[in-house]
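This is what each chain is made of:
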Amino acid sequence: MTYARRIAAKLGALLLTLFLASLLVFFSRFLVPGDPVSFLLRGRKPSPEAVAAVTEQFGLDLPAWEQYVNWVFGIFRGDFGRSLQYRQDVATVIGDRLPVTLGLVVLAALMIAIVGISGGVIAALNRGKLADRAMLIFLTVLGAIPSFVGSIVLIAVFAVTLGWFPTFGSGTGFWDTIYHLFLPALALAIAFVVLIGKVTRSSMVEQIGREHVEVATSRGLTRGTVIRRHVFRNAVGPIVTVSGLLVAGLLVASTIVESAFGISGLGSLLVQSVDRLDFPVVQMIVLFVVAAFVVINAIVDLLEPLIDPRAAAGADAR
Amino acid sequence: MFTSSPLRRRGSAIVAGLAVAGVALTGCSAQGGSDSAGTPMDWTLTDQTAAPSGDIDQITWASYSEPYSLDYAYAFDYADNQVLANVCESLLRLNPDYSLTPSLAESFANPTPTTWVYQIREGVKFHDGTALTAADAVASMSRHLDPEVGSSWYSVYQNVASIEQTGEREVTVTTTIPDSQFNLGMGGAAGVIESAATLAKLGADYGNSTGGVNCTGPMQFDSWKSGEKIELSRFADYWDPELAAQSEKFDFVFMADPTARTNALKSGEVDGTWLLPMDAAQSIKKAGTGDVLFGMNTAVSNLVVSNLAGPLGDVRVRKALLMAIDREGILQAMNSGVGEVTDVHSTRSVWNDADPAATEAAFTDIETYPFDVAAAQKLVEEAGATGAKLKLVTAPISQDFAIVSQATAAAAKSIGLDVTIDTVTPSAYTALFSDPSAREGVDLFYTIWYLSSPDPMEMYGVFRTDEFSNYGNWSDPDYDALVTEAVSTMDPIKRSALAAQAQQITNRELPWLPLAETPTAMFMGDRVTGLSPSISYLYYPWAATLGAR
């Protein structure tokens, strides 16, 4: 299979997944108890005319499949529907919060990469020694801290007691945003560090034991060069694969962290919208997270052969 | 207008468990001490805080939730109204003591029993600089009658036949029956006047985060960063010098998580908040960044009896259950003892214009239900209800929900009744208030019910047969006749005598079980001063009065 065909196949699978996801996301709302109309009328005494008018405004009087078709075609036109709670275009509601969540996830991913990969590398290079064990214990302890506990402790210590960081808000401008998102991103990152750390360590350890590494060492290359060019480069594959999964996990976990830090990202919006039966918003967020997950994993799959030529060779041999 | 609790705390509901853990943890690490919810708190009611020393550049206020909309037609909740009250004005003004005075209507009259005539004030400007006219009033009020709008305030307008401009500055509202309550509602969001041109121009986007509003209040809407904050600023051309804004800028920041809000208050990053979480009040007080204040409220917490076909159909069982509940204990546990146990469904604060003798009768010439398990048990036996099963529905919304439901179940058990607690999601709980099918098989649920007009009849109208919020379908033809007569009685003194009878009847019959009345709890940071911590913050421009301490 050529790389181009591989891309085409991936794209096909991606579109099929998204289509199935859209069906699931849309129709699952009919399984949830509760009536969006009664929410729109906010539990107050409605006149029958008001119920009819509101039902029609939001297209809730149409058959389910027609609502689905309208929704999907709307998405292609950039019309994501209207939020029931905010009486505002879903695109605007989500668009306002997307940068915050993306900033949070990117910042957390960087922290995870820096701490996790360097921790894993240090452990692998000192395999069996004190530093290895210490690093493993350190990463495991971090990994055992749930995001909400991390959030509470970080706010209590660094924001309320020491006053080094703000207790809420997402900031304006580049540096201010980073300043505001630093603690939340840290709370988000600590739970995931262990995963990257352990994958890095085992992948490195596996490579160190390989024949080509011994060959490279015996050829008189310095330890640094061997580790950079022969060990780490070959060990990157699994790390990238896990990173793809991790980004989706971060999107989901950001919900808790956003609530605790009072920042307005997609996660806190999702929680609120589920509670308020704001289906148009819930559906778009879920679809977005699914799409992000699928797309990132497709990219990771396509990147692998570029990073590690053996993967491409293996694919061709099949 | 009516309930508070089902809607107001929903934003924070999902993370309620987290909140409790958070309070405990931050309490310990920051203070080095422990804050027990059971410790009684010193409290007094504050009417008004000291006048400001002068203007202030900027104030940041925490809101427990983001408003749904700033459209007055949907402003039905604490989050919307606490912002809107400073930006948009109504025909009448509901003052901190719950008196009604002229505002955008310079005067009003009731020339026939079914007409209300309002003279629209001259020289008032909207925030865009255009002048207020009678046509603006007609356009704004007529929206409540438009089914396409689906106004949350339709109930105030339910008896309205027409709204017409009858003079250059005159608007006449005609009702189908004499309705004293219509005019009383004009001090709230139902009486807000918006520019007709703005309504036409913004259409469906009116009041949302992109459209915003264009009203006449002392503060104007600047921007709404969705999910994060609403920014207001002083309106230089405001008509009433008495209430000119003391701050240049005023930001509302949304903090759905009570722990996040508590932390922001303790760190001094925000200057205040309404609806202070009582479980955090002690530790916030100790942090020393401002004052915890208690003010006048109109709310009574109740157990709504939602099924009179079941064991609670017998008034003796209702009385017994109320007597078996240790209401003092509940108040202690859920509110650090702040508030008072009550046997009636209204607070004295809404009896402003009443005949003092009628008020006295309404609050003292009543039955009391002291905590008496033995007497209660006897009543249950007399009713032959021993062993009867009841279902109470609650939701993980805030600490008081859990405390009230546990205490009720325990009380019922002590007198031979068997209460099952069913915990549902906050939105399923909210459905109890709007969807009769959601109440099937449900005997009891907890609510806090506040009044947004200065008249007890707003409460007692609810218990009439077939009223939307008469959740248990309690019915008494004599009571219905009495209430209908009261609503049609325009003279507040005469009306209050009828209201007192209505209060005595519901006190005796207990269509709902009243538990306690608790004051409005708020926090005011040490940079600012100059407001009244009254529940009128939902309709009165309180933010304009805040200035530098």
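The model shown is predicted, which means the values in this text are computed figures rather than measured ones. (Residues numbered from 1 in each chain as written. Chains lettered and ligands numbered in written order. Predicted model: local features only at pLDDT ≥ 70, side-chain atom pairs only at ≥ 80, totals over all residues. Heavy atoms only, no water.)

**Q** Before we go on, may I ask you to explain the sheet that holds strand 1 (residues 56–63) of chain B in this structure?
**A** Through backbone hydrogen bonds, the strands of a sheet pair up, either in parallel or in antiparallel fashion. All names here are of chain B. The sheet built from seven strands is open, its strands ordered 8-9-10-1-11-19-12 with mixed pairing. Unpaired on one side and paired on the other, strand 8 (219–225) and strand 12 (290–295) mark the two borders of the sheet. Bridge analysis of strand 11 (residues 272–273) against strand 19 (residues 520–525) gives two bridges, and the strand direction is antiparallel. Paired with glycine 272 across the strands is methionine 524, a residue of strand 19. (Pairing = 2+ DSSP bridges. Helix = DSSP H or I, 4+ residues; strand = E, 2+ residues; numbered from the N terminus.)

**Q** Explain a positive patch on the surface to me, please; I cannot follow it from the model alone.
**A** The grouping of A:Arg219, A:Arg228, A:Arg229 and A:Arg233 at the surface amounts to a positive patch. Within the secondary structure, A:Arg229 is located in helix 10 (residues 223–260). (Patch = residues over 30% accessible without salt bridge, like charges linked within 9 Å, V, L, I, M, F, W, Y side chains within 5 Å. Areas by Shrake-Rupley, 256 points an atom, 1.4 Å probe, with all protein chains shown as cover. Salt bridge = Lys/Arg side-chain N within 4 Å of Asp/Glu carboxyl O. Lys, Arg positive; Asp, Glu negative; His and termini not counted. Charge placed at Lys NZ, Arg CZ, Asp CG, Glu CD.)

**Q** Help me out: how do you make sense of the pattern of salt bridges in this one?
**A** Close approach of charged atoms lets side chains of opposite charge pair. Tallied over the entire structure, the rule returns 26 salt bridges over all chains. The closest approach of N and O atoms between B:Glu248 and B:Arg234, which form a salt bridge, is 2.9 Å. Here B:Arg234 lies in strand 9 (residues 229–234) and B:Glu248 lies in strand 10 (residues 247–254), a separation of 14 residues in the sequence. When salt bridges with common partners are traced through the structure, they connect A:Arg82, A:Asp89 and B:Asp205 into a single cluster.

**Q** Is there a simple way to think about the domain arrangement of chain A in this case?
**A** You'll often see interface size given as the accessible area lost when the parts meet. All names here are of chain A. As assigned here, chain A comprises domain 1 (14–76) and domain 2 (93–317). Placing a centre on the C-alpha atoms of domain 1 and another on those of domain 2 gives a separation of 35 Å. Each partner contributes residues to the interface: domain 1 has 16 residues there, and domain 2 has 12 residues. When the two sides are added together, the surface that domain 1 and domain 2 hide from each other amounts to roughly 1,200 Å², 85% of it contributed by carbon and sulfur. For the pair domain 1 and domain 2, the interface holds zero salt bridges. (Domains from an automatic or database assignment. Contact = heavy atoms within 4.5 Å. Buried area = accessible area lost by both parts, 1.4 Å probe.)

**Q** Would you take a moment to explain the pairing of strand 5 (residues 115–120) of chain B for this structure?
**A** Successive residues of a regular strand alternate their side chains across the two faces of the sheet. Residues and elements named next belong to chain B. By the criterion of burial, strand 5 is predominantly enclosed, with five of the six residues buried. Across four bridges, strand 4 (residues 105–109) lies against strand 5 in antiparallel orientation. Bridge assignment links serine 107 to a residue of strand 5, and that residue is glutamine 119. Connecting strand 4 to the antiparallel partner strand 5 that follows it, the hairpin turn spans five residues. Bridging between strand 5 and strand 7 (residues 170–175) involves five bridges; their strand directions are antiparallel. Looking at the pairing, tyrosine 118 lines up with valine 171 of strand 7. (Buried < 20%, exposed > 50% of the residue type's maximum accessible area, 1.4 Å probe, protein only.)

**Q** How should I be thinking about the packing of helix 11 (residues 266–275) of chain A against helix 12 (residues 279–307) of chain A in this particular structure?
**A** Axes are the key here: two packed helices are described by the angle between their axes and the distance separating the axes. All names here are of chain A. Here helix 11 crosses helix 12 at 140°, and the two axes come no closer than 9 Å. When the axes of helix 11 and helix 12 are compared, the pair comes out oblique. In terms of crossing hand, the pair formed by helix 11 and helix 12 is left-handed. Here Leu266, Leu269, Leu270, Ser273 and Val274 of helix 11 lie close against helix 12, whose contacting residues are Val281, Val282, Ile285, Val286 and Phe288. (Axes fitted to C-alpha atoms, helices over the stretch in contact; angles between N-to-C directions. Parallel < 35°, antiparallel > 145°, perpendicular 65-115°, else oblique. Left-handed = near helix turned anticlockwise from the far one by under 90°.)

**Q** Mind showing me how you'd approach the domain arrangement of chain B here?
**A** All names here are of chain B. The domain boundaries assigned to chain B delineate domain 1 (19–30 + 43–84 + 210–296 + 520–548), domain 2 (92–200) and domain 3 (300–517). Placing the centre of domain 1 and that of domain 2 at their C-alpha centroids yields a distance of 27 Å. At the junction of the two partners, domain 1 supplies 28 residues and domain 2 supplies 32 residues. Summed over both sides, the interface between domain 1 and domain 2 buries roughly 2,600 Å², with carbon and sulfur atoms accounting for 59% of that surface. If you sort the residues of domain 1 by the area they bury against domain 2, Tyr72, Asn214 and Trp239 come out on top, with a joint share of 32%. Ionic pairing is found between aspartate 240 and arginine 93, a salt bridge with its closest N-O pair at 3.1 Å. In this structure, the connection of domain 1 to domain 2 is made through 17 residue pairs in polar contact (both at pLDDT 80 or more). Tallying contributions element by element places strand 8 first for the side of domain 1 that touches domain 2, with three residues. The residue inventory of the side of domain 1 that touches domain 2, partitioned by class, reads 17 nonpolar, eight polar and three charged. (Polar contact = N/O pair within 3.5 Å; in protein donor to acceptor, adjacent residues only side chain to side chain. Nonpolar A, V, L, I, M, F, W, Y, C, P; charged D, E, K, R; others polar.)

**Q** What is the right way to read the side chain of B:Thr298 from this model?
**A** All names here are of chain B. Tracing the backbone through its elements, the reader meets threonine 298 in the loop between strand 12 and strand 13 (300–305). Within the local environment of threonine 298, its side chain forms a polar contact with the backbone oxygen of leucine 451, the two atoms lying 2.9 Å apart. Beyond its immediate sequence surroundings of up to four residues, threonine 298 is in contact with Tyr98, Thr347, Ser349, Val350, Trp449, Tyr450, Leu451 and Ile535.

**Q** What am I meant to see in the pairing of strand 10 of chain B here?
**A** Residue and element names in this part refer to chain B. Along strand 10, six of the eight residues are buried, which leaves the element largely enclosed by surrounding structure. The pairing of strand 1 with strand 10 spans seven bridges and is parallel. Looking at strand 10, one finds that glutamine 58 is bridged to lysine 249.

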